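Residues per chain are reported as follows:
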Amino acid sequence: MESTRRRPQHKANEGGATERSAQWGRAWEVDWFSLVGVISLLCFAPFIVFYFVMACDQYDCSVSQPLLELYQGKATVLSIWARAPSFTWTAAKIYAVWVSFQVFLYVCVPDVTHKVVPGYVGGVQDGARTPAGLINRYEINGLQCWIITHALWFANANYFHWFTPTILFDQWIPLMWCANILGYAVSTFAFLKAYLFPTNAEDCKFTGNVFYNYMMGIEFNPRIGKWFDFKLFFNGRPGIVAWTLINLSYMAKQQQLYGHVTNSMVLVNVLQGIYVLDFFWNEAWYLKTIDICHDHFGWYLGWGDCVWLPYLYTLQGLYLVYHPIQLSDAHAFAILLFGLIGYYIFRSTNHQKDLFRRTEGSCSIWGRKPTYIECSYVSADGRNHRSKLLTSGFWGVARHFNYTGDLMGSLAYCAACGFTHILPYFYIVYMTILLVHRCVRDEHRCSSKYGKDWKRYTDSVPYRLIPGLF
Ligand code: NDP
C-alpha cells in the first residue's frame, strides 16, 4: 500500500485565488528578533526545564528560593548543579528500553483496536494535503499502544514486580538527561536528513538561516521507510503515552511516602488522563491539527516532545508528591466540574470542525444546518483548491474556542494544587502563551492562504478566544 499519494485536484475556481502564490505555512524569512529568540531557546530551554525539576528536588518546589539563595550568595550555580542527580547508565537503559518499546509498538503492531472498539477510527488513515499537494498516509495505532503500555504497567505493579511503580519519580532527573540526548539527536538527524535524503523534497522549506531551520524544521513529514513518521511518533509517543504513566508513578510515590493518595493527586490523574485518552481516541483527527498538517519537524517538535512535554506538563503531579494537598470536597468538586466543562468545550469544538470538514458541510451543528464561508487557496504546485470555514456552533462564538476549552482544562489541573506555590501554575501560563501565539501564527497563515476570504471570516466571527474580550 502506498504511504503517500496525490488526490484528484479540484478545478480552478472563480475566486481569483491564482493571484496568491502558495507561501502559506511556516516563515520563509527570519527577522533579527525571531533569530535572537530561536538561539536563546536552543541554548536555554533545557535549563528552564532543569530549573523547575531541580526546584522541586532541592527547594520543595519553590521557584523563588533558588534565585534568592543565588542572590544572597548562599548558593552558587555550581553548588546547585553539583547537588542535582546526573546522567546514569541505569537511567539510560530504562530510557532506551522505553523508547525502543514504543518504536516497536508503533511500527510492528498494526492497529486491531478499530476492528473491535465501536466508533474508534484507527488503522491506515489519510493526513491533510501538504503545501506541495501530497496526502500522506498514517498507521493510526496510538490508542492500542497506550492500552498495551498501561496494561503492562498495571500487570507489573500488581503481579510481576519487575520494577517499582515509583521508578519514573525515582529516576526523574537522570531520565531528563537521556530525554535531552534523544531530543537533540533526533532534531539533528532530521536537520541533516532534510539536506541529504529528504522524504518529500517538494515539501522542504529553507529560510537561509541555519538556526531557524534547525529549530522550526525543514522537512514537513520526515519518514524512515514507508510508515515511521517522525511527527506522529514523537508527538504522540513516547511523550504523551508517558504522561499518564508519569502521573501514576507520582501517585505511587505519594502512597509510598505518606501511606495514602490525596484527592488532588487523583484529580490531576483523572483530568489529565481524560485529556491523554481523548488524544489517542482522536488520533486520526489529530492528523488534521496544526502540529501535523502545518508545522515542519525540527527541534521545536523533536526536543519539545521528548523533554518539554513530559517534564513540564506533569509538574502538578510532581508538586503534589512534595506537597500532598487534601482539598475540601467542595473545592475538589468545583475543580472537577470546571475541568470537565473545559474538556467538553475543547472536544465539542474540535469535533464540530472535524465533522464539518469531513462531510463538507453536509451535517448538523447544534441541531441546524451549519453556516460557513466558501474560500479558495493555491498550493505550491499552482493548483487551486476550495475550502470552507465554519461560522456556526462553537466556531461562531469565537475563532479558537477549542483553545478556550483547553485553557479551562489546564487551569483546572493547576487549581487542584491549591494556591500556595506558583510552580504548578507554570502550565496555565505556558499554555496561554502557546495558544495565544498559535492564534496569531495560525491566523497569519490562514490570512496568507485564504486572502480576502479570511477577512470575510474574521468580519463574521470577530473574536479569537473570549467573545467581547479578545
Ligand atoms: P485547530 O484545530 O483550531 O486548527 C486550525 C486550523 O483549522 C486552521 O489552520 C484552518 O486550517 C482550520 N480552520 C480555522 N478556522 C476554521 C473554521 N472556522 N472552520 C473550519 N476550519 C477552520 O488548531 P490546532 O491544530 O492548533 O489545535 C487542535 C487542538 O489541539 C486544539 O483544541 C488545541 O487546544 C490543542 N492543542 C493542544 C496543545 C497542547 O500542548 N496541549 C498544543 C497545541 C494544540 P485550514 O488550512 O485547513 O483551513
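For clarity, every value in this text was computed on a predicted model and none was experimentally measured.

(A) The arrangement of the overall build of the chain in detail. For the chain, the helix and strand inventory stands at 21 helices and 7 strands. The principal-axis extents of the C-alpha atoms in the chain amount to approximately 70 × 55 × 50 Å. Counting across all 470 residues of the chain, residues that qualify as buried make up 57%. If you take every contact in the chain between residues at least 6 apart in sequence, the share linking residues at least 24 apart comes to 77%.

(B) Inspection of the domain arrangement of the chain at higher detail. For the chain, the assigned domains are domain 1 (40-84), domain 2 (91-326) and domain 3 (335-469). If you average the C-alpha positions of domain 2 and of domain 3, the two centres end up 23 Å apart. With 31 residues of domain 2 in contact, the opposing surface of domain 3 contributes 36 residues. Buried area between domain 2 and domain 3, both sides added, is near 2,900 Å², and the carbon and sulfur share of it is 63%. Taken together, domain 2 and domain 3 are joined by 2 salt bridges.

(C) Local environment of the nonpolar core. Core analysis: the largest hydrophobic core is formed by 117 residues, its most contacted members being Val49 and Leu423. Ranked by residues supplied to this core, first place goes to helix α1 (residues 32-59) with 12 residues. Setting aside residues no more than four positions away along its own chain, Leu423 makes contact with Phe52, Ala55, Cys56, Cys61, Val63, Leu315 and Tyr319. Ile365, Trp395, Cys446 and Val461 belong to the second largest nonpolar core, which has 14 residues in total.

Reading the values: rules and limits
- Residues numbered from 1 in each chain as written.
- Predicted model: local features only at pLDDT ≥ 70, side-chain atom pairs only at ≥ 80, totals over all residues.
- Heavy atoms only, no water.
- Helix = DSSP H or I, 4+ residues; strand = E, 2+ residues; numbered from the N terminus.
- Buried < 20%, exposed > 50% of the residue type's maximum accessible area, 1.4 Å probe, protein only.
- Contact = heavy atoms within 4.5 Å.
- Domains from an automatic or database assignment.
- Buried area = accessible area lost by both parts, 1.4 Å probe.
- Salt bridge = Lys/Arg side-chain N within 4 Å of Asp/Glu carboxyl O.
- Core = buried A, V, L, I, M, F, W, Y, C linked by side-chain atoms within 4.5 Å.

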